[in-house]
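Fold and contact review
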Amino acid sequence: MQTNTIRRAVYAGSFDPPTNGHLWMIREAQALFDELIVAIGINPDKKPTYTLAERRRMLEQITAPFPNVVIRSFENRYLVDYAHSVRAGYIVRGIRSASDYEYERTIRYINSDLQPEIATVLLIPPREYAEVSSTLVKGLVGPEGWRNTVRRYLPEAVYEKILRDHQNGG
């Protein structure tokens, strides 16, 4: 790789909603690369809780401190093909468990078959984020005391949005 080549990576997910675990991944990945594209993957088979525009706004708010992070979205294509289309040399993925590792290892080999020049970088988040997922957080909203429980898993801007939505009947 030439020294004047921009080291660009893609970190993709549904981010429905973005959690502290996502923010940890973004913080770590943006420190490793010249540019990090946080790509919201749109899966037509899933019904997200938040619209694409809402997820984009939440991500823009929580990544504002990182000038080398850009928020994008993609639909109906493999992540590795999207990464190739934006001239990224890397895909960043998080490993929270042994089953995540096995899955990501398999996908990495498939991605290499499709786009051999794109490397996969695996990051292991700290223990406090290892069990946190967007699905888990959404499932915690509602019962008595949920506000204090949920707050610890979300960036402040995301937590405030969920509070507003819940107060407005959302």
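In this text the structure is predicted, and so the values were computed from the model without any measurement.

Calculation notes
- Per chain, residue numbering runs from 1 following the sequence as it is written.
- Per-residue local features are limited, in this predicted model, to residues with pLDDT of at least 70; the limit for side-chain atom pairs, both in listing and counting, is 80 or more; totals at the level of whole chains, interfaces and linings are taken over all residues.
- The side-chain quantities take in all heavy atoms of the structure and omit both hydrogens and water.
- Numbered from the N terminus, helices here are DSSP runs of H or I no shorter than four residues, and strands are runs of E no shorter than two.
- For this measure, only C-alpha atoms enter the radius of gyration; the expected value for a globule follows 2.2 Å times N^0.38, where N is the number of residues.
- Every residue pair with non-hydrogen atoms within 4.5 Å of one another is taken to be in contact.
- Just so you know, the count uses Lys and Arg for positive and Asp and Glu for negative, and it drops His and the chain ends.
- Just so you know, the charge point we use is NZ for Lys, CZ for Arg, CG for Asp and CD for Glu.
- Any Lys or Arg side-chain nitrogen located within 4 Å of an Asp or Glu carboxyl oxygen qualifies as a salt bridge.
- Think of it in three bands: residues with accessible area under 20% of the maximum for their type are buried, residues over 50% are exposed, and the middle band is partly exposed, with areas taken using a 1.4 Å probe on protein chains only.
- The pairing criterion for strands is at least two bridges between them, as found by DSSP.
- Looking down the strands as they point away from the viewer, one classifies a crossover as right-handed if the path from the first strand across the helix to the second runs clockwise.
- UniProt positions are given in the numbering used here, feature names are shortened, and annotations may be inferred rather than shown by experiment.
- Axis angles are defined between N-to-C directions and span 0 to 180 degrees, where every axis is a line fitted to C-alpha atoms and, for a helix, only to the segment in contact.

Observations concerning the overall build of the chain
- Helices and strands together make up the secondary structure of the chain, namely eight helices and five strands.
- Helices and strands appear in the chain in the N-to-C order β-α-β-α-β-α-β-α-β-α-α-α-α.
- Relative to its length of 170 residues, the chain is compact, with a C-alpha radius of gyration of 16 Å against a globular reference of 15 Å.
- A principal-axis box enclosing the C-alpha atoms of the chain has dimensions of 55 × 35 × 30 Å.
- Intrachain contacts of the chain at a sequence separation of at least 6 include 75% that bridge at least 24 residues.
- For the chain, the distance from the average site of its 22 positive side-chain charges to the average site of its 20 negative ones is 3 Å.

Quick look at the environment of L114
- Within the fold, L114 resides in helix 4 (residues 98-114).
- Residue contacts for L114: discarding those within four places in its chain leaves Y78 and V80.

Some words on the pattern of salt bridges
- Summed over the entire model, instances satisfying the criterion amount to nine salt bridges.
- Note that K161 is salt-bridged to E54, the shortest N-O span being 2.9 Å. Here K161 is found in helix 8 (residues 156-167), whereas its partner E54 is found in helix 2 (residues 52-62), with 107 residues between them in sequence.
- A relative accessible area of 12% places K161 in the buried class.
- With relative accessibility at 18%, the residue E54 sits in the buried group.
- One network of salt bridges, with partners in common, ties together E54, K161 and D165.

Considerations on the pairing of strand 1 (residues 8-13)
- Burial analysis of strand 1 places five of its six residues in the buried class, which makes it a mostly covered element.
- Note that strand 1 and strand 2 (residues 35-42) share six bridges and pair parallel. Opposite G13, over in strand 2, you have I40 as the bridge partner.
- For the handedness criterion, the β-α-β arrangement of strand 1, helix 1 (residues 20-32) and strand 2 is classed as right-handed.

Concerning the UniProt feature "site: Transition state stabilizer" (unreviewed entry) in the chain
- Here the UniProt-annotated "site: Transition state stabilizer" (unreviewed entry) positions come out as H22.
- Its place among the elements puts H22 in helix 1.

Focus on unusual backbone geometry
- Backbone torsion omega between D16 and P17 reads 5°, so that peptide bond is classified as cis.
- A positive phi is found at R87, a non-glycine position, where the angle reads about 60°.
- Tracing the backbone through its elements, the reader meets R87 in the loop between helix 3 (79-85) and strand 4 (90-94).
- R87 sits in the exposed class, given a relative accessible area of 66%.

Brief notes about the sheet that holds strand 5 (residues 119-123)
- Strand order across the open sheet formed by five strands is 3-2-1-4-5, with parallel pairing between neighbours. A single partner strand is all that each edge strand has here, and the edge strands are strand 3 (69-75) and strand 5. Each strand of the sheet is rotated relative to its neighbour by a mean of 30°, with strand direction disregarded.
- With five bridges joining them, strand 4 and strand 5 adopt parallel strand pairing. Directly across from I91, in strand 5, lies its bridge partner T120.
- Here helix 4 sits on the sheet in contact with strand 4 and strand 5, set at roughly 165° to strand 4.

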